[in-house]
Amino acid sequence: MTRIRVLPILAHVLAIIAVAPLLWILISALKPAEDVFNFGWPSTWTLDNLQYVLLKIPMPRFMLNSAIVSVTVTVIALFFHSMAAYALARLRFPGRGIIFSGIMSTLLVSLPVILVPLFLVAKQLGLLDSYAGLIVPSIFHAFGIFLLRQYYLNIPRELEEAADLDGCGYWRRYWSVILPLSRPVLASLSVLFFLANWNAFLWPLTITRNPDLRVIQLGVSGMQGQYASAWNLILAAAVIAAIPTVVVFVAGQRRLVDAMKTTGLK
């Protein structure tokens with residue numbers, strides 16, 4: 001009985017520890033410059049930091065670039081990942097297991113390992129300093145195929161057999177039966193893909209030199225050099241950069257949990 005009572009208390013303590021830095025950043029962004037490092041509530045609240053970042057720094061441009069890349073990658077990745085996962089879950093063809101194992105093995109390779117060859121390939125294809133260079137290499141991710149495949153394996157085959165009796169081919173089954181049933185897992189993956197690409201830093205830093213193509217994380221990082229002593233402005237930029245991620249996560253967190261339950265992930 002005592003153990004049951006301790007667990008909620010421990011959960012609340014861990015939640016407070018996790019949220020405390022975020023609250024500190026938010027409060028500090030609303031403080032005058034002289035009060036940034038003073039703990040506690042500020043003597044006066046101000047929106048000047050946020051206004052300066054939005055009006056004097058091309059933060060809207062950085063956010064627009066991140067939005068274009070994140071949304072485009074998410075839409076394209078969901079379409080191709082769902083097709084690949086359906087083929088691996090339902091179609092019978094030679095080498096299916098080897099192909100799936102090869103896809104999953106890419107999870108063992110991190111981006112820094114393949115950064116140089118990936119850059120050389122992008123250079124040969126003329127993708128440097130372009131939206132295509134930011135988008136195309138970010139589309140494929142083995143985890144998306146794995147999650148969708150696990151979800152499709154749990155869909156009753158009787159639904160596809162009924163569609164087959166109506167004369168539907170593989171494409172019609174995929175489009176009319178599988179995709180409508182995939183909305184929960186597609187919604188959860190859209191959250192993960194959007195957050196991953198919104199927070200991307202290393203690849204955009206490698207592939208772009210044009211200031212007009214800077215994404216939000218590069219913009220905030222650049223401010224740390226240009227405004228090294230103006231931490232009130234840097235924290236304000238961090239708050240603005242985090243707003244879309246919080247909105248997307250809050251909107252899709254229930255779908256994310258539901259998808260994890262239905263795909264057998266613990």
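Residues numbered from 1 in each chain as written. Predicted model: local features only at pLDDT ≥ 70, side-chain atom pairs only at ≥ 80, totals over all residues. Heavy atoms only, no water.

### Looking at the overall build of the protein chain
Helix and strand content of the protein chain: 13 helices and zero strands. Helices (α) and strands (β) of the protein chain occur, in sequence order from the N terminus, as α-α-α-α-α-α-α-α-α-α-α-α-α. On the principal axes, the C-alpha backbone points of the protein chain span a range of 70 × 65 × 35 Å. The burial tally for the protein chain puts 37% of its 266 residues in the buried class. Element-wise, carbon and sulfur atoms account for 69% of the exposed surface of the protein chain, whose accessible area totals about 15700 Å². The averaged location of the 11 negative side-chain charges in the protein chain is 6 Å from the averaged location of its 20 positive side-chain charges. (Helix = DSSP H or I, 4+ residues; strand = E, 2+ residues; numbered from the N terminus. Buried < 20%, exposed > 50% of the residue type's maximum accessible area, 1.4 Å probe, protein only. Areas by Shrake-Rupley, 256 points an atom, 1.4 Å probe, with all protein chains shown as cover. Lys, Arg positive; Asp, Glu negative; His and termini not counted. Charge placed at Lys NZ, Arg CZ, Asp CG, Glu CD.)

### Some remarks on a nonpolar patch on the surface
Together, Leu108, Val109, Leu111, Val113, Ile114, Phe201, Leu202 and Leu205 make up a nonpolar patch on the protein surface, roughly 690 Å² of accessible area in all. Looking at the nonpolar patch, the elements with two or more residues in it are helix 5 (111-124) and helix 11 (202-207). The greatest single-element share of the nonpolar patch, amounting to three residues, is contributed by helix 5. With respect to the helices and strands, Leu202 occurs in helix 11. (Patch = residues over 30% accessible without salt bridge, like charges linked within 9 Å, V, L, I, M, F, W, Y side chains within 5 Å. Salt bridge = Lys/Arg side-chain N within 4 Å of Asp/Glu carboxyl O.)

### Details of the domain arrangement of the protein chain
Assigned domains within the protein chain: domain 1 (1-45) and domain 2 (61-263). Counting residues at the interface gives nine residues for domain 1, matched by five residues for domain 2. For the pairing of domain 1 and domain 2, the buried interface totals around 550 Å² over both sides, and the portion due to carbon and sulfur atoms is 87%. Across the contact surface, domain 1 and domain 2 share zero residue pairs in polar contact (both at pLDDT 80 or more). Here the side of domain 1 that touches domain 2 is composed, by residue class, of seven nonpolar, one polar and one charged. (Domains from an automatic or database assignment. Contact = heavy atoms within 4.5 Å. Buried area = accessible area lost by both parts, 1.4 Å probe. Polar contact = N/O pair within 3.5 Å; in protein donor to acceptor, adjacent residues only side chain to side chain. Nonpolar A, V, L, I, M, F, W, Y, C, P; charged D, E, K, R; others polar.)

### Observations regarding the UniProt feature "transmembrane region" (unreviewed entry) in the protein chain
Residues given the UniProt feature "transmembrane region" (unreviewed entry) here are residues 7-27, 62-86, 98-119, 131-148, 185-207 and 227-251. Secondary structure across residues 131-148 divides into 67% helix and 0% strand, with the first and last C-alpha atoms of the span separated by 27 Å. Along residues 185-207, the helical share is 87% and the strand share 0%, with 31 Å between the first and last C-alpha atoms. (UniProt positions renumbered as here; feature names shortened; annotations may be inferred.)

### Focus on unusual backbone geometry
We note that Asp129 has phi near 50°; this positive angle belongs to a residue other than glycine. One can find Asp129 in the loop between helix 5 and helix 6 (131-135).

### Considering the packing of helix 8 (residues 157-165) against helix 9 (residues 170-181)
The geometry of helix 8 relative to helix 9 is characterised by a closest axis approach of 10 Å and an angle of 155° between their N-to-C directions. In terms of orientation, helix 8 lies roughly antiparallel with respect to helix 9. When you trace helix 8 past helix 9, the crossing you get is right-handed. Residue-level inspection shows Leu159, Glu160, Ala163 and Asp164 of helix 8 in contact with helix 9, the latter providing Arg173, Val177, Ile178 and Leu181. Considered class by class, the residues forming the contact of helix 8 with helix 9 number five nonpolar, no polar and three charged. (Axes fitted to C-alpha atoms, helices over the stretch in contact; angles between N-to-C directions. Parallel < 35°, antiparallel > 145°, perpendicular 65-115°, else oblique. Left-handed = near helix turned anticlockwise from the far one by under 90°.)

### Focus: the pattern of salt bridges
Within this structure, the stated rule accounts for one salt bridge. Its salt-bridge partner being Arg90, residue Glu160 comes within 2.4 Å of it at the nearest N-O pair. With Glu160 in helix 8 and Arg90 in helix 3 (residues 59-90), the pair connects residues that are 70 residues apart, well separated along the chain. As far as the burial class goes, Glu160 and Arg90 line up, both buried.

### Details of the packing of aromatic side chains
Within the structure shown, the criterion is met by seven aromatic pairs. For the pair Tyr86 and Tyr174, a centre-to-centre distance of 6.0 Å together with 40° between the ring planes defines the contact as tilted. Highlighted residues: Tyr86 in helix 3 and Tyr174 in helix 9, separated in sequence by 88 residues. Here the two residues Tyr86 and Tyr174 agree in accessibility, since each one is buried. Ring centres of Trp171 and Trp175 lie 5.9 Å apart, and the angle between their planes is 15°; this geometry places the pair in the stacked category. Of this pair, Trp171 and Trp175 are both found in helix 9, four residues apart, which corresponds to roughly one turn of the helix. Through a chain of ring-to-ring contacts, the aromatic side chains of Tyr86, Tyr151, Tyr152, Trp171, Tyr174 and Trp175 assemble into a single cluster. (Phe/Tyr/Trp six-rings, centres within 6.5 Å; stacked < 30°, edge-to-face > 60°.)

### Structural notes on the UniProt feature "domain: ABC transmembrane type-1" (unreviewed entry) in the protein chain
The UniProt record annotates "domain: ABC transmembrane type-1" (unreviewed entry) at residues 63-252. Along residues 63-252 the backbone is 76% helical and 0% strand, and the end-to-end C-alpha distance reaches 20 Å.

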